[in-house]
Amino acid sequence: MGNDDKKKTRAPRVPMLERRPEDRVRDFGEVPLGYSPEQVKLEAVRCLGCKNKPCKGGCPVGIDCAGFVKRVSEGDFTGAIKLVKEKNILPAVTGRVCPQTEQCEGSCILGKKGDPLGIGFIERFVADWEREHGEVLPDKAPASGRSVGVVGSGPSGLTVAADMILLGHEVTIYEALHEAGGVLIYGIPEFRLPKDIVAAQINSLRRLGVVIKVNQVIGSTLTIDELLTIHDVVFIGVGAGAPAFMGIPGENLIGVFSANEYLTRSNLMRAYRFPEWDTPMNPGKRVAVIGGGNVAMDAARTALRLGAEEISIIYRRSREEMPARAEEIRHAGEEGIVMRLLKAPKRILADSSGHVAGIELLDMVLADADAYGRRRPIPKEGSEHILEVDTVIVAIGGHPNPTIARTTPGLDVDGRGYLVVDRETMSTSKARVYAGGDIAGWGANVIKAMGDGRIAAGAMHEFLTREKKD
Amino acid sequence: MAKIVEKSVLAPEIFLMKVKEGLIASKRKAGQFVILRISSKGERIPLTIVDSDKESGTITIVFQVVGKTTHLLSLMNVGDEIPDLAGPLGKPTEIEKFGNVAVVGGGIGIAVAYPIAKAMKEAGNRVISILGARTGQLLVLKKEVTAVSDETILTTDDGSLGLAGFVTESLKTILDTRSIDQVVAIGPVPMMRAVSELTRPYGVKTIVSLNPIMVDGTGMCGACRVMVGGGIRFACVDGPEFDGHEVDFGDLSLRLTAYREYEKTSFDLCQAAGTKT
């Protein structure tokens, strides 16, 4: 039979149906349509069942991918979701937004000669299946009498909350905005991550007993020191939400947004439904988005759905260096968003009323790779040219918000304002305070933030258990 | 949820409300603000905390009806609840004993200037308050300001109350005749700009409180960015108070116009709906 195995041409990945670009750009509905039970089983049987499970090793939270895929191939969807949820409480989210090509699927042996197993697609299926067929609530440990304060309700905070509540501790989440979910709500758009899915995952935490308090700006409403008088341990997962700007002339003109502002107006404040909803926005007609990450893709595709006619992504390196997920880059391209690569903005031009009229760009060339393997872009002299736009969205990342560091004595930050943590435990310089996700200084994404939360929860639990015995 | 426990009309279209929010009341310092949202589809708007009472756990806000949210807020009554109230936000005013402090408040800016005058007085400063408005009726909180000031000068554009003329004229007289250690100026952008230009040659530090458009108000969106000393600062977390000699007021004025048409549409629609019912 060994011979057969060698001869067998491996089946390609079962494609997931997607809405056609010309249809999907008209609304905020989700683009991929999900697998049917038949499709998911067909895809799952492609798994080679490697003994050493490289997929599991590729996952920042160590999901037993091959394990749950095997259950799916046997039609045991309940068993599959149980296994996923041992490690990941937000599978409907991560199945949609994880950079699988760099993680589980990037480690898949099938990928060496063809398509890697569609682990993200399968994860998404079992999570959606669970939502439609009744939730599998994990068992809680007996009450410990200890209490955890979680600052921020994004991916890292939600993970800490889930882990700690299951371990028997009381958990209260403090969220600054009026709606829980952090970047999953204000940042990632509906067409990529439907908000009712996020709400369902957050509601399952509530059902487990997690208390969520909104409108609590920690550092102001309550300080970390005050939280430490209420809770035995505190986890800070507030993200690095302060948007960065480029520092070029014209950045304050009307029509220049941070991606955070553009997406917050649209996602959290539903400005696309103005005037029924109060918050307005002018999405622009000719839009330039600066940056090459997922946020840039999200902003560009949001602009398109809000009625923009010509949208460019301006990125200073080439497509290979773009940090966005491969699927997002593909989707943006299919929808007609123009990638203007190897270009960097020099200044933003105004019309006579102070509105954006254009953006001056410089062509770039990539230098040889440096010691870190990164190819630095260098401007080509005399290559200035103007792109006529009425809207510029700056999507070049963020900085830590200074509010907590400013009001918390004993909490060390690095030169850029990120909290200094011990990576083994995610503990900060301050006793009983832990941190993770973007505020702890990783160029994080949703699943890495969850990975940090997982480590922190483990360390906090150990601390609480040890302290109790002492 | 924050319950409205007191409401009064200070002037036409200017309202004062006391709202029960014990935690914010116990925390808030002069110069800070809250973000509130009054319905499930509402916008988030910043309002300065004018005063607080730790014992009763209330904060005081003062607002002028300028758009949909302030209009709807003005229709709310004692017993009603504001669904979302977050704060205190922004950096508190830097209060210390400077010596002679001139506090200049223009229009609704008087409501922002009042807690600063009060805190300056409590810190042992000699406080000279100069309040200005278009007409006497709009000179709000004059009793309260007078009570915390060593001296209060009232000015109106139409001369209906106090001196006829602008606050800058009164401030200039004071700068020319006495030694002033710090000026705090809060009001419309042209007034803060004029005061800053006036004090610059005197070399008197001048603090202004800026009111750019905000979305989240917690440091996340950058909508409230202002140019201060040539660099971008966020009014919500780095301010709202800055050194008036460093602020680019032209940039601020321009950015305040960004949503004017939308604001008008929204306000008109809600007023039209209001008259129908």
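Residues numbered from 1 in each chain as written. Chains lettered and ligands numbered in written order. Predicted model: local features only at pLDDT ≥ 70, side-chain atom pairs only at ≥ 80, totals over all residues. Heavy atoms only, no water.

Draft legend 1. Highlighting the pattern of salt bridges. All names here are of chain A. What the rule picks out here adds up to 54 salt bridges over all chains. The residue R454 makes a salt bridge to D163 at a minimum N-O spacing of 2.6 Å. Of the two residues, R454 sits in helix α17 (residues 446-469) while D163 sits in helix α9 (residues 155-166), which places them 291 residues apart along the sequence. The burial state of R454 is the same as that of D163; both residues are buried. Close ionic contact of R192 with D298 constitutes a salt bridge, the shortest N to O distance being 2.7 Å. A residue pair is termed long-range when its members are at least 10 positions apart, and R192 in the loop between α10 (183-186) and α11 (195-208) and D298 in helix α14 (residues 294-305) qualify at 106 residues. (Salt bridge = Lys/Arg side-chain N within 4 Å of Asp/Glu carboxyl O. Helix = DSSP H or I, 4+ residues; strand = E, 2+ residues; numbered from the N terminus. Buried < 20%, exposed > 50% of the residue type's maximum accessible area, 1.4 Å probe, protein only.)

Draft legend 2. Up close: the sheet that holds strand β13 (residues 205-209) of chain B. All names here are of chain B. In space, the seven strands of this open sheet follow the order β11-β10-β9-β8-β12-β13-β16, with mixed pairing throughout. The open sheet has two edge strands, β11 (163-164) and β16 (241-243), and neither has a second partner. Contacts between helix α3 (residues 109-122) and the sheet are confined to β8 (100-106), β9 (126-133), β12 (182-186), β13 and β16, with β8 contributing the most and set at about 165 degrees to the helix. (Pairing = 2+ DSSP bridges. Contact = heavy atoms within 4.5 Å. Axes fitted to C-alpha atoms, helices over the stretch in contact; angles between N-to-C directions.)

Draft legend 3. Layout of the packing of aromatic side chains. Inspection of the entire model under this criterion finds 10 aromatic pairs over all chains. Both rings, one in F77 of chain A and one in F125 of chain A, keep their centres 4.9 Å apart while their planes meet at 70 degrees; by these two values the pair is edge-to-face. Separated by 48 residues along the polypeptide, F77 of chain A in helix α6 (residues 77-87) and F125 of chain A in helix α8 (residues 119-133) bring together distant segments of the chain. Here F77 of chain A matches F125 of chain A in class, with each residue buried. Judged by centre distance (5.5 Å) and plane angle (70 degrees), the ring pair of F274 of chain A and Y262 of chain B falls under edge-to-face. Residue F274 of chain A is located in the loop between α13 (259-268) and β7 (286-290), and its partner Y262 of chain B is located in helix α9 (residues 260-276); the two belong to separate chains. Note on Y262 of chain B: relative accessible area 23%, which makes it partly exposed. (Phe/Tyr/Trp six-rings, centres within 6.5 Å; stacked < 30°, edge-to-face > 60°.)

Draft legend 4. Examining the interface of chain A and chain B more closely. Contact residues are listed per partner, giving 43 residues for chain A and 43 residues for chain B. For the chain A and chain B pair, buried surface summed over both sides reaches about 3600 Å², with 57% attributable to carbon and sulfur atoms. The largest per-residue losses of area from chain A upon contact with chain B belong to N252, I254 and D278 of chain A, which jointly make up 19% of the total buried on that side. Taking the shortest distance from any N to any O, the salt bridge between K27 of chain B and E226 of chain A comes out at 2.2 Å. Here chain A and chain B share 21 residue pairs in polar contact (both at pLDDT 80 or more) between them. Secondary structure elements with two or more residues in the side of chain A that touches chain B: β5 (242-243), β6 (256-258), α13 and α16 (403-406) of chain A. (Buried area = accessible area lost by both parts, 1.4 Å probe. Polar contact = N/O pair within 3.5 Å; in protein donor to acceptor, adjacent residues only side chain to side chain.)

Draft legend 5. View of the environment of P409 of chain A. Tracing the chain through its elements places P409 of chain A in the loop between α16 and β16 (433-435). In this view, P409 of chain A contacts D225 and K430 of chain A; residues no more than four positions away in its chain are not counted.

Draft legend 6. Examining the environment of L110 of chain A more closely. Note on placement: L110 of chain A falls in the loop between α7 (91-97) and α8. Excluding its chain neighbours within four sequence positions, the residues that come into contact with L110 of chain A are R10, R46, L48, D115, P116 and L117 of chain A.

Draft legend 7. The arrangement of α14 of chain A in detail. Over its 12 residues, α14 of chain A runs 16 Å from end to end, which matches the ideal 16 Å to within 8%, given 1.5 Å per residue. Taken as a whole, α14 of chain A has its buried residues at A296, M297, D298, A299, A300, R301, T302, A303, L304 and R305 of chain A. (Expected span 1.5 Å × (residues − 1).)

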